[in-house]
Amino acid sequence: MAEIIRQGNLFHLRNGCISYILCVMPENALAHVYFGRRLNRLDPDPVLRAAGSRDTGSFIHQECGLDRLPQEYPVYGLGDQRDGALKIDNADGTGAVDLRFERAETRHGKPALAGLPATFGETCETLTVTLADPCTGLRVELSYTVFDDCGAIARSARIVNAGAAAVTLRGAMSLALDLPDSAWDLITLSGAWARERTPYRRPLVPGHQGVSTRCGASSLQQSPFLALARPETAEEQGEALGAALVYSGNFLAQASVYQNDSTRLLLGIHDADFAWRLEPGDSFQTPEAVLVYSTEGLGGMSRAFHRLWEGHLLPRRWVNAHRPVLLNSWEAAYFDFDEDKLVSIAECAARAGVELFVMDDGWFGHRDDDTTSLGDWDVDRKKLPGGLKRLGDRIRAAGVQFGIWMEPEMVSPDSELFRAHPDWAIHIPGREGITARHQFTLDMSRGDVQDFVVDAVSRTIRDSGAAYLKWDMNRNFSNVGSSALPPDRQKELPHRYILGLYAVMERLTRAFPDLLIEGCASGGGRFDPGMLYYVPQFWCSDNTDALCRCRIQYGTSLFLPPSAMGSHLSAVPNHQTGRVTPLDTRFAVALGGCFGYELDPRKLTEEEQEQLQGQVQYAIRTEATRLHGSLYRLRSPFAGNDTAWITVSPDQTEAVVTCVRGQALANAAPPLLKLRGLDPRKDYRVLETGKTYGGEELMYSGLLCPLAQGDAASVLYTLKAEED
Ligand code: GLA
């Protein structure tokens, strides 16, 4: 049960597994005392003395004491020499802010964040602490939510200019977390197009380390996530602390080690290229950041994230609903199709039991390649003479639902839209525009652009009767400027863009509550918790090679759940790597997320087409366990040649085990996988072999996984608990 206990000047948020404790100091500075395993009580004095104070009463005005005080929302400039959570230009041009505790309120549940995605729930408690600067009147409202059912704390800050003069915000982090030691490894996820989210782990050292993006999106290159793990922390043992930002734009995730080996985490909107003018009475709401803590290693941390997102962030309509097995036309046809070809692919897919056919890029304007027509969302009559309506009707008549691709935030220079509204693109007047994938980004901070996007998408969905939309976004910012903003607000554009995107998402998801939207950004380039508030699944990567996908999905699972990962079985040789992998392995790996196909089924042999029928049935039958069960990573593709994982249903009666070998090895013993998450008292039958084992022996001795010869061999086992 979540609860917030106030004892004198101490605030203690806790549930069954974690505690978070803050404390008001004698001069009303707000100190951070503890985040970790649940405690019954804690005397803050030893923690604060260990931070280096000789006298815990004199942090503010003696000996630059704030430099040693662990704080909740620190600011550089009045003694604290470290990077702070808040940066501001006061009316007098100085940057100091003196935040003193003013009041605190607790409430049941959790208020929404204006204009921003955030976790929600009934079974949680929220503490709001107001800090105020007596000199300028600036106020900061810190919000903390503790949930009943997962080891997570959600945090955000609202900055209010309650003074008489305008100020400029230069940075406002969503969270700062001061930790008393630095004996941690930092883990972040980095990558590139087709190689998203590789985990990197290194010990913290004095100074700054972390990841960030300034490209306008959470990006292919970095993820708005970091974890701290003790050097001895392993996959299922040891302390792990994770932090993630519920945001889709520029971010900074930084861990800094300072004197006395203290560590400060900062997570929020990147403060480079950011400024926000606050007139008297104005406020600024930061995005939300969440913290999770586990003593069950990185696996426990990931499961805490998965539980949090599934229980408190993903759209309620979709989170546990059946996700149709889809076939996407991109790798099947690219830009080369007409109505009959699409219908014939859909008919073939329908025979295999596929439930949804998605027409990808190439259906509008005169888009025969990627150089043109973004923004002109009128059907290309050369390819689809009967329009979207007739195509949608024919696809549905074939026995599958219809889905469609759009890239609504973009405009091609070669488009009617750009010719009519050149000022709708992000640009700096007087400077030549820079294209990426031959396109510009629409300025989503503008109300007229938002209206245009909502209209274009709504019309497309209505005309086609689509049940599914793939919302793509394929370039990052350059020439960052908006013709709608005055000079002193230009640096607000990156955040205003994301607010505009969220506003559009809000309008569309309200208007089309039953539309399944899958996010995409050149693959997983904006696959973050902010987007997952609106879209229940995201195309994990343009790389569909089974072995590469083992790595990408493994890394992604550090903080995002299988139910959010779009994952498709594609043709061989693979279009991204040229590798040939067995059909069974491509199937087993694609089952690691929302399963679908990315190929032309007509090109498969008859035997393969028959196999597809079995695959679709299996995917549907095991969906709940694969997507929503507890995930345990058993072998890491970054540590060796094998990747293995198991997902276990909440009642521990069903599990799906996957093991994939990279390169074939001669004379190699088959993996003996020690399973996890099973009930040791239950017996489990392996459906594929018909053999029964005790849960205990499967977990503590292991399940033998004999692999066929050849590269990329795999096994897929389904475990069913025997009736007592
Ligand atoms: C991006 C997406 C792909 C596909 C193409 C279409 O690259 O990631 O899945 O939709 O655009 O142009």
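Heads up: the structure comes first, above all this text.
Source: prediction; values computed, not measured. (Residues numbered from 1 in each chain as written. Predicted model: local features only at pLDDT ≥ 70, side-chain atom pairs only at ≥ 80, totals over all residues. Heavy atoms only, no water.)

A. Fine view of the packing of aromatic side chains. Counted according to the given criterion, the structure contains 29 aromatic pairs. Centroid distance F120 to Y533: 6.2 Å. Interplanar angle 70 degrees. Geometry classified as edge-to-face. Remark: Y533 occurs in the loop between α10 (529-532) and β28 (537-539) and F120 occurs in the loop between β6 (100-108) and β7 (124-132); sequence separation between them is 413 residues. Note on Y533: relative accessible area 24%, which makes it partly exposed. (Phe/Tyr/Trp six-rings, centres within 6.5 Å; stacked < 30°, edge-to-face > 60°. Helix = DSSP H or I, 4+ residues; strand = E, 2+ residues; numbered from the N terminus. Buried < 20%, exposed > 50% of the residue type's maximum accessible area, 1.4 Å probe, protein only.)

B. Highlighting the site of the ligand. The ligand sits among 13 residues. The nearest are D360, D361, R437, K470 and D542. Separating an oxygen atom of the ligand from a side-chain N or O atom of W405 is a distance of 3.0 Å. A distance of 3.0 Å separates an oxygen atom of the ligand from a polar side-chain atom of D472. If the ligand stood free it would expose 310 Å²; the protein chains cover 96% of that surface. Residue composition of the shell around the ligand, grouped by class: four nonpolar, three polar and six charged. (Near = heavy atom within 4 Å. Polar contact = N/O pair within 3.5 Å; in protein donor to acceptor, adjacent residues only side chain to side chain. Areas by Shrake-Rupley, 256 points an atom, 1.4 Å probe, with all protein chains shown as cover. Nonpolar A, V, L, I, M, F, W, Y, C, P; charged D, E, K, R; others polar.)

C. Spotlight on the pairing of strand β30 (residues 594-598). Most of β30 sits inside the fold, with five of its five residues counted as buried. Going residue by residue along β30, you find C594, G596 and E598 tucked away on one face and F595 and Y597 tucked away on the opposite face as well. In the sheet, strand β21 (residues 326-328) pairs with β30 via two bridges, with the strands oriented parallel. Paired with L326 across the strands is G596, a residue of β30. (Pairing = 2+ DSSP bridges.)

D. Quick look at helix α5 (residues 339-351). Helix length check: α5 (13 residues) gives 18 Å between terminal C-alpha atoms against 18 Å at 1.5 Å per residue, within 8%. Along α5, the residues that are buried comprise E339, L342, V343, I345, A346, C348, A349 and A350. Its side-chain oxygen placed 3.3 Å from the backbone nitrogen of D340, D338 serves as the N-cap of α5. Just downstream of α5, G353 is the residue with a positive phi angle, here 100 degrees. (Expected span 1.5 Å × (residues − 1).)

E. Representation of helix α8 (residues 447-464) in the model. Taking 1.5 Å per residue, 18 residues should reach 26 Å; α8 reaches 26 Å between its end C-alpha atoms and fits that length. Buried residues along α8 sit in contact with α6 (387-397), β23 (401-406), α7 (416-420), β26 (468-471) and α9 (493-511). Looking at the residues trailing α8, positive phi occurs at G465, about 65 degrees. (Contact = heavy atoms within 4.5 Å.)

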